[in-house]
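What follows is the residue order along each chain.
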Amino acid sequence: MNDKKTNSFKNYIYMLRFIFKHTPFMVFGYLFFDVLANLPWTLSNVVLLKYIIDVAVEGKDFYRVAVALALFVAFVVITNLCTTLFYEVSMPKQKEKLYFAIYKTIYEKAAKMDYEAYDNPEYYNDLVLAMNAMNERAYAVLSNTQDILTNIIGVLTIGAVIVTIDPICLVFVAVCVAIMTPIGRLIAKVNVERTEAMTPYDRKNLYFSRVFYLQDYAKELRLSGAGEMIEARYNKNIFDRLKIISPYLTKQWKLYFCQESLPMTILIYLGITLLMGYKAIVTKDVSMGDFAATFNGAASISTSVFAITSQFAINIRENGLYVEKFRRFMNAKEKMISGTNTTVFEEPPVIKFENVSFKYPGTDKYVLKNINLEIAPYKKIALVGYNGAGKTTLTNLLLRLYDVTDGAITLNGVNIKEWDISAYHRNFAAVFQDFSLFGATLGENVSMDDSPDATKAKDALNAASFNRELPDGTDSIILREFDDNGVSLSGGEAQKIAISRAFYKECPFAILDEPSANLDPVAEYSLNQSMAKAANSKTVMFISHRLSTTVMADEIYMLENGEIIERGSHEELMALDGKYAYMFRLQAEKYVENKD
Ligand code: ADP
C-alpha cells in the first residue's frame, strides 16, 4: 500500500513535470488563478463576516461596512476578470497545446517501438489506454493538484484567523480531522477494491460497445441472431455488475455517514457553537463576529481536510494508475539495436539466410528451423506452403521486423543487424496481407509521402491494374475520415493501390504477401505480367496461395512446419512430383471445376 502511495505521488510529479515542460503557463495559471478566485470567498466567510457583525454589534458607523464591502467587491471583480480571461481565452489554447504534446509524444514513441512490442499484450494495453485516456487524465492531475492546493491554502489562512480568535477551536478541528481521516482512508480503500472488482466487467462492457459501434461487426449483427446473443450477454454483465457493486455501496454509505455527519455535527456544529456561543453570550470573552467566524471557519477547515484526505486521495490513486501506464509505455525500451550502416542499394544485393531459426518472443516453439537460402539479384522468388508454415515470418525476418533467434541474414555478405533500421527499410517496398490505406489522396497512398509524383503514381497504379478513373485523379481523397466525399473502394481496388506502392518505390527489393488474394483472374494475370516487368529492376519475393502466380517465379520455396521442404523452378518442382506438384494439380483441377 505504501509503495503504491509513493508511486502515485511519483506519478503525479511525473505528469505535472510533463505538463509544465509543454505548457508551463497552464500549470502556473491553473494553480495561481484558482487560488486567486477562491481566496475572496474563503476570506469573506470568516474575516468579512466577523468584521460586519462586530461593526453592527458595536454600533460603529455603517460607512465602515460599506467600505469593507466595496473593497471586497473590487477584489472579487478584479480576480473575476483575471480568472475569466485565463479560463476562457488562454486555457482552451493551453489545453490544445497540452493534448498536442501528449499525442505527439505517444505517436513518436509508438512509431519508434519494435514491431514485436505489438505481440506483448501489456505494451499494447498501455498504448491503447494512453491513447484513449491520457489527455483527460493529464488534465485531471492538474485539476486535482489545484483542488488540493486551494484547500491547503484555505486551511492555512482560516486556521491562522481562528488561532488569533481562540486556539481551542483548532483542538475541535484537530479531533474532528483525527476521526475523519482514517475513515476517509477506509473509504478510499473500499473505492479501490470496488474499482478493481469492476475491472473485468468494465472490460466486457468495452467489448460490447465495440461490437455495437464498429462497422466490422455491423453486417453480421444485421444478418444473424448474434445481436440478440450479445445483448443477452450484455444484460447479464450489467446484472452481474450490480450484484458485485452492492456490498461496496452499502459499506461506502455507512462510512460516508460516519465520516461526514458525526464528527462534523457533534464537534463543529454542536461543540464549537456551544463553546463559542457561551463565550460570546455568557462570559463575553469573544465578540459575536468572532463567534460567527470561528463557527464558519472550523466547518470550512473540516470540509477541506476531509476533501484532501478522502476524495482527493482517491483521485490521486486513480489518476496515478493511468499515469503509471503512460510512464511504463514511455519507458519501454526498444530491444532491437540499430546499427550504423546506412547503405541503400541501387542494384539489388545478394540475400543470404544462413542457418536461420526463429521463435516469436515469449514463445518456445521454433516457427522457422535452419533456413538456408541464397537469392541472386533480380530474381523472382515465390514462397508457398500451407497456412502457418512460416512464410510471413520469413519475410518479417528479412524486413527486420524481428531479429533472428539463431543464424544470420546478410546482404552482400553484411549482416543486416549492422544497418541503421530506418535506412535498412529504405531498401524495401513491402505490401502486406493486412495492408492499410490511409485517409490521404490516392497519390499519397501510393507514394506514402506528402509529395507524390502524379505520373509515376499513375504508372504504378496501372502496373497494379488499378484502372478506375477517380474524379480528381491521383488527388482524390481516399476514405471518408478527412473528406465526406472521400472515395470508397472495393477490397480488390484497395489491394491494387497497396500493390502499386511496390512499383512506385525506387528500391532494390519488393516483398509482396498474398498480392493476388482479392484480385479477379484478369487483374491477377496483369499483376503477374507487371511483376515480371518489375523484376527487371528489383528482386521480388512474394507469398502466394494461388499457384498460377508462382509459375513465372525463378525459384519457388515450399515451406512446411518452418522448414524448406522443396525448392526449384515450377518445372523442376512439378517434375519432382512432391507436395508442390500435388498442391498445384489440386488447384488446377478446382479451377477447371469452377470454370465448368
Ligand atoms: P504463414 O505465413 O506460412 O501462414 P506465419 O509465418 O504467419 O505462417 O506463421 C508461422 C507460425 O508462427 C504459425 O504457427 C503462427 O501461429 C506463428 N505466429 C505468427 N505470428 C506470430 C506472433 N506474432 N506471435 C507468436 N506466434 C506467431
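Whatever comes next refers back to the structure up there.
Residues numbered from 1 in each chain as written. Predicted model: local features only at pLDDT ≥ 70, side-chain atom pairs only at ≥ 80, totals over all residues. Heavy atoms only, no water.

### Notes on the pattern of salt bridges
Side chains that carry opposite charge are capable of pairing whenever their charged atoms lie near each other.
Okay, step 1: In this structure the tally under the stated criterion is 14 salt bridges.
Okay, step 2: Here K50 and D54 are joined by a salt bridge, their closest N and O atoms 3.2 Å apart. Linking K50 with D54, this pair stays in helix 2 (residues 24–58), spanning four residues, or about one helical turn.
Okay, step 3: Judged by its relative accessible area of 23%, K50 falls in the partly exposed class.
Okay, step 4: A residue is classified by how much of its surface remains accessible, and D54, at 11% relative accessible area, is buried.
Okay, step 5: Put simply, D240 and K236 hold a salt bridge, and the shortest N to O gap is 2.8 Å. Taken together, the residues span about one helical turn, with D240 and K236 both in helix 7 (residues 226–282) at a distance of four residues. (Salt bridge = Lys/Arg side-chain N within 4 Å of Asp/Glu carboxyl O. Helix = DSSP H or I, 4+ residues; strand = E, 2+ residues; numbered from the N terminus. Buried < 20%, exposed > 50% of the residue type's maximum accessible area, 1.4 Å probe, protein only.)

### Considering the packing of helix 8 (residues 288–309) against helix 9 (residues 311–331)
To describe two helices that pack against each other, one gives the angle between their axes and the distance between the axes.
Okay, step 1: It is the contact of helix 8 with helix 9, at a shortest axis distance of 3 Å, that shows an interaxial angle of 20°. For the element pair helix 8 / helix 9, the angle class is roughly parallel. Judged by residue contacts, F306, A307, I308 and T309 of helix 8 engage Q311, F312 and A313 from helix 9.
Okay, step 2: The residue makeup of the contact of helix 8 with helix 9, split by class, is five nonpolar, two polar and no charged. (Axes fitted to C-alpha atoms, helices over the stretch in contact; angles between N-to-C directions. Parallel < 35°, antiparallel > 145°, perpendicular 65-115°, else oblique. Contact = heavy atoms within 4.5 Å. Nonpolar A, V, L, I, M, F, W, Y, C, P; charged D, E, K, R; others polar.)

### Some thoughts on the side chain of T474
Okay, step 1: Turning to its location among the elements, T474 is positioned in the loop between helix 13 (454–463) and helix 14 (491–504).
Okay, step 2: By relative accessible area, T474 is classed as buried at 12%.
Okay, step 3: Contact partners of T474, with chain neighbours within four places excluded, come to T441, L442, G443, A454, A457, K458 and L461.

### Notes on the sheet that holds strand 3 (residues 380–385)
Okay, step 1: One open sheet accounts for six strands, arranged 6-7-8-3-9-10; its pairing is mixed. In the strand order of this sheet, the two ends are held by strand 6 (428–431) and strand 10 (563–568), each with one partner. Direction aside, the axes of adjacent strands within the sheet are offset by 15° on average.
Okay, step 2: Relative to strand 8 (residues 539–543), strand 7 (residues 509–513) runs parallel, the two being bridged by five bridges. (Pairing = 2+ DSSP bridges.)

### Thoughts on the sheet that holds strand 5 (residues 414–415)
Okay, step 1: Reading across from one edge, 2-1-4-5 is the order of the four strands in this open sheet, with antiparallel pairing throughout. Either end of the sheet is taken by a strand with one partner, and the two such strands are strand 2 (368–375) and strand 5.
Okay, step 2: Bridging between strand 1 (residues 351–358) and strand 2 involves five bridges; their strand directions are antiparallel. Bridge pairing links I351 to I375 in strand 2.
Okay, step 3: Across the sheet, helix 10 (residues 391–398) lies against strand 1, strand 2 and strand 4 (406–411), angled at about 120° from strand 1, the strand it touches most.

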